[in-house]
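# Breakdown of the fold
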Amino acid sequence: MKDRKPIPFFFISIMMFLTLGVFPMVAYATHSYIKVNSIPRYGFLGGTSAHAEVKSARIPEGPHGRCYIKSYTSPGTTINVIGWTWWQCDVLDANNNIVNTTQALPARAVTASSTQDDIGILFTGGVKIKTHGTA
Amino acid sequence: MYLKNRYILIAVFIATMIMIVAWSMPWLQANSDTETAYVTNSIDAQQDQTVYAMASNTLSEPAEKSDSSNHTQLEANPMTDSALIVSTVKELAGRQETALLGKPGWIYVRRIEVASDEQKQGEYGSPSGASIPFAELVPAQTPIFEGWSHVDETGLYHEALGLVLSPNGTIHQHSILYDGTWTHLTLRDNGFPQEQYRSSHSVIKVHLPASYTAQWLAEIVNLDNITLTAYQLGEQYTVVKESIYKEPFRLGSSEQPGLPAPAVGDKTTYIFDMQTGQLLSEEVYYILEDGRTFLAGNSEYHVAFMPELPPEKAPLYYDAVNTIMGEQ
């Protein structure tokens, strides 16, 4: 009987990391409330922790809101250990109709050690902002 | 050796499942946040009803008729007492709530975007690669946003239907609320992932545009960079909100600006029907840094109570519910 080869540990680690990589994140905001959603820190690469978060906010003064996305590491590194492969921001009305959206372009992807990136979106007719992305 | 590998694989599988559950928590938290925000709004709306009653003597009866000279005079001498304006709007909103709520049935809200300088272009995307031109979700010319919310005696709703239509009746978006979950059928039918076309919904009070505007104005009235003016003309009560921003605002991103120049403020005009309290229209202009104005949107509203869904719309709700139940 032929012995089966053990699956290398590093292969399992890569698979688990890829599982992280397809996790969607969503944050909502209504009125002037700011909502934040973030992936809690997790350690890898010798203790470096990566953070990723999305935020939405209705601006009090105007008919618009802002959608934010951010990723960073601690301690800081320029190595691209985590990044946003895709993100998008929607404004919804009370009946779940999509009223407005940002354009989900590859150029909007945010890399590992980014500072906060944001985008302004019109809110007219909407009651809720939804920011979602894949980290 | 084989047995040892099998233990390793089982351990890895269990660890992976634990991590997936742990990473799911932020998403669940996001939905929980939404519910909290809505519950807060619902409570505020109930508190507002008391204010409506207290402010009931702030409105004069609608005039029988009006003419252009009267209009000019009123616009030249608008009311500037912000607190009075907000209480008046609250009273109007309360007037509509009293007329429409308090009995089970369907609340119909229609918003027609009659004018906008904003371009509806680009793609609506997803991480799965599915996409749809945004103009297919919201038609460029005169989109009609409709919603029917099935309310109980207290104004809370558990079922709803949302549609976006062209003036010729073509359906561009189709959503239903059933069993605590919104399902965006248009996104689902176009291959979008479930986390994008499904979202949870907590039981909240129905959204009436006049009440929402009253609540919004009450929230911002005390900001120092906002002024409110109002005038009453015939059966219409007009409120103009003007804002000066602390710093210029860019719509869109720096790479893809949505305005011809940064905005330094805006002017929003709300017109209410004094008989019904209904918000009739909302017009938003940005004031740009270079002095120009930019029309962000001009919408007309209509709100009504219906004992049942209209016969031509009912299948859009009930057939979709049957489909979803069949999938579960």
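Of the regular secondary structure elements, chain A holds one helix and eight strands. For chain A, the α and β elements follow one another from N to C terminus as α-β-β-β-β-β-β-β-β. Put simply, 63% of the contacts in chain A that link residues at least 6 apart link residues at least 24 apart. A total accessible area of about 5,600 Å² is found for chain A, and carbon and sulfur atoms account for 62% of it.

For chain B, the count of helices and strands is eight helices and 14 strands. When burial is assessed residue by residue, chain B has 49% of its 328 residues classed as buried. Long-range contacts, defined as pairs at least 24 residues apart, comprise 62% of the intrachain contacts of chain B with a sequence gap of at least 6. Accessible surface, chain B as shown: approximately 15,600 Å² in total, 54% of it carbon and sulfur.

Applying the stated criterion to the full structure yields six aromatic pairs over all chains. On the numbers, 5.6 Å between centres and 45° between planes, the contact of B:Tyr124 with B:Phe192 is tilted. Placement of B:Tyr124 in strand β2 (residues 123-125) and of B:Phe192 in the loop between α5 (185-189) and α6 (194-197) is noted, with a sequence separation of 68 residues between them. Assessed through its relative accessible area of 1%, B:Tyr124 is described here as buried. Pairing B:Tyr317 with B:Tyr318 gives two aromatic rings, centres 5.1 Å apart and planes at 85°, and the pair type is edge-to-face. Exposure remark for B:Tyr317: the relative accessible area of 1% places this residue in the buried category. By the ring-pair criterion, three or more aromatic residues cluster together here, those being B:Trp106, B:Tyr317 and B:Tyr318. A cation sits over an aromatic face here: A:Arg58 above B:Trp216, 3.7 Å from the ring centre.

This next bit is on the state of the cysteines. Residue and element names in this part refer to chain A. Counted according to the given criterion, the structure contains one disulfide over all chains. Across a sulfur-sulfur distance of 1.6 Å, Cys67 and Cys89 are joined as a disulfide pair. Separated by 22 residues along the polypeptide, Cys67 in strand β4 (residues 64-74) and Cys89 in strand β5 (residues 86-92) bring together distant segments of the chain. According to the relative accessible area criterion, Cys67 is buried, its value standing at 0%.

Now for the pattern of salt bridges. Residue and element names in this part refer to chain B. The final tally for this structure, using the stated rule, is twelve salt bridges over all chains. Here Arg188 ties to Asp189 by a salt bridge, and the two come within 3.2 Å at their closest N and O atoms. Taking relative accessible area as the criterion, Arg188 reaches 18% and is therefore assigned buried.

A few words on the nonpolar core. Ranked by internal contacts, the top residues of the largest apolar core, which has 30 residues, are A:Cys67, A:Ile98, B:Tyr124, B:Leu137 and B:Leu187. Taken together, the elements giving at least two residues each to this core come down to β3 (48-58), β4, β5, β6 (98-101) and β7 (117-122) of chain A together with α4 (134-137) of chain B. The contacts of A:Cys67, once residues within four sequence positions are left out, are A:Lys55, A:Trp87, A:Cys89, A:Asp117, A:Asp118, A:Ile119, A:Ile121, A:Ile129 and A:Thr131. Counting 21 residues, the second largest nonpolar core, distinct from the first, contains B:Val86, B:Val89, B:Ala214 and B:Val239.

Next up on the list: the pairing of strand β4 (residues 144-151) of chain B. Note on strand geometry: in a regular strand, side chains alternate between the two faces of the sheet. Residue and element names in this part refer to chain B. β4 sits mainly inside the fold: seven of its eight residues count as buried. The pairing of strand β1 (residues 105-115) with β4 spans eight bridges and is antiparallel. Looking across to β4, one finds that Arg110 is bridged to Glu146. Examined bridge by bridge, β4 and strand β5 (residues 156-165) share eight bridges and lie antiparallel to one another. Residue pairing in the sheet places Phe145 in a bridge with Val164 of β5. What sits between the antiparallel neighbours β4 and β5 is a turn of four residues, in which Gly155 has the positive phi angle 90°.

Residues and elements named next belong to chain A. Taken across its eleven residues, β4 has eight buried, putting it largely inside the fold. Alignment of β3 against β4, held across ten bridges, turns out to be antiparallel. Along β4, the bridge assignment pairs Ala57 with Arg66. Hairpin connection between β3 and β4: a loop of five residues separates the two successive antiparallel strands. Both β4 and β7 contribute to a ladder of six bridges, which runs antiparallel. Bridge pairing links Gly65 to Ile121 in β7.

A few words on the environment of B:Ser299. Residue and element names in this part refer to chain B. With respect to the element layout, Ser299 can be found in strand β14 (residues 293-306). Apart from residues lying up to four places away in sequence, Ser299 is in contact with Arg111, Ile112, Glu113, Val114, Leu280, Ser281 and Glu282. Polar side-chain contacts of Ser299 include one of 2.8 Å to the side chain of Arg111.

Residues and elements named next belong to chain B. Taking 1.5 Å per residue as the helical rise, helix α3 (residues 82-100) with its 19 residues ought to reach 27 Å, and the 27 Å between its terminal C-alpha atoms agrees with that figure. Capping the start of α3, Asp81 holds a side-chain oxygen 3.1 Å from the backbone nitrogen of Ala83, two or three residues further along. Phi turns positive, to about 105°, at Gly102, one or two residues after α3.

The rules behind each value
- Every chain's residues receive numbers from 1 upward, in the order its sequence appears when written.
- The naming scheme follows written order: chains are lettered A onward, ligands numbered 1 onward.
- This being a predicted model, a pLDDT of at least 70 is required before a residue's local features are given, and a value of 80 or more before pairs of side-chain atoms are given or counted; all residues contribute to the totals for chains, interfaces and linings.
- Hydrogens and water are ignored here; the side-chain numbers use all heavy atoms of the structure.
- Numbered from the N terminus, helices here are DSSP runs of H or I no shorter than four residues, and strands are runs of E no shorter than two.
- We call two residues in contact whenever any of their non-hydrogen atoms come within 4.5 Å of each other.
- For the accessible areas, the method is Shrake-Rupley and the probe is 1.4 Å, while residue cover comes only from the protein chains on display.
- Exposed residues in this analysis have more than 50% of their type's maximum accessible area, buried residues have under 20%, and partly exposed residues fall in between, with area computed by a 1.4 Å probe over protein chains only.
- To pair, rings of Phe, Tyr and Trp, with the six-membered ring standing in for Trp, must have centres within 6.5 Å; the planes then decide the type, stacked if under 30 degrees apart, edge-to-face if over 60, and tilted in the middle.
- In this scheme, the term charge over a ring applies when either NZ of a lysine or CZ of an arginine sits within 6 Å of the ring centre and within 35 degrees of the ring normal.
- In plain terms, two cysteine sulfur atoms within 2.5 Å form what is called a disulfide here.
- Each salt bridge in this description consists of a side-chain nitrogen of Lys or Arg and a carboxyl oxygen of Asp or Glu lying within 4 Å of one another.
- Here, the term nonpolar core denotes a set of buried Ala, Val, Leu, Ile, Met, Phe, Trp, Tyr and Cys residues that are joined through side-chain atoms within 4.5 Å.
- Note: two strands are recorded as paired if DSSP finds a minimum of 2 bridges between them.
- Polar contact is defined as a pair of N or O atoms within 3.5 Å, subject to the rule that within protein one atom must be able to donate a hydrogen and the other to accept it, and that residues adjacent in sequence are counted only when both atoms are side-chain atoms.
- Multiplying 1.5 Å by the helix residue count minus one yields the expected span of that helix.

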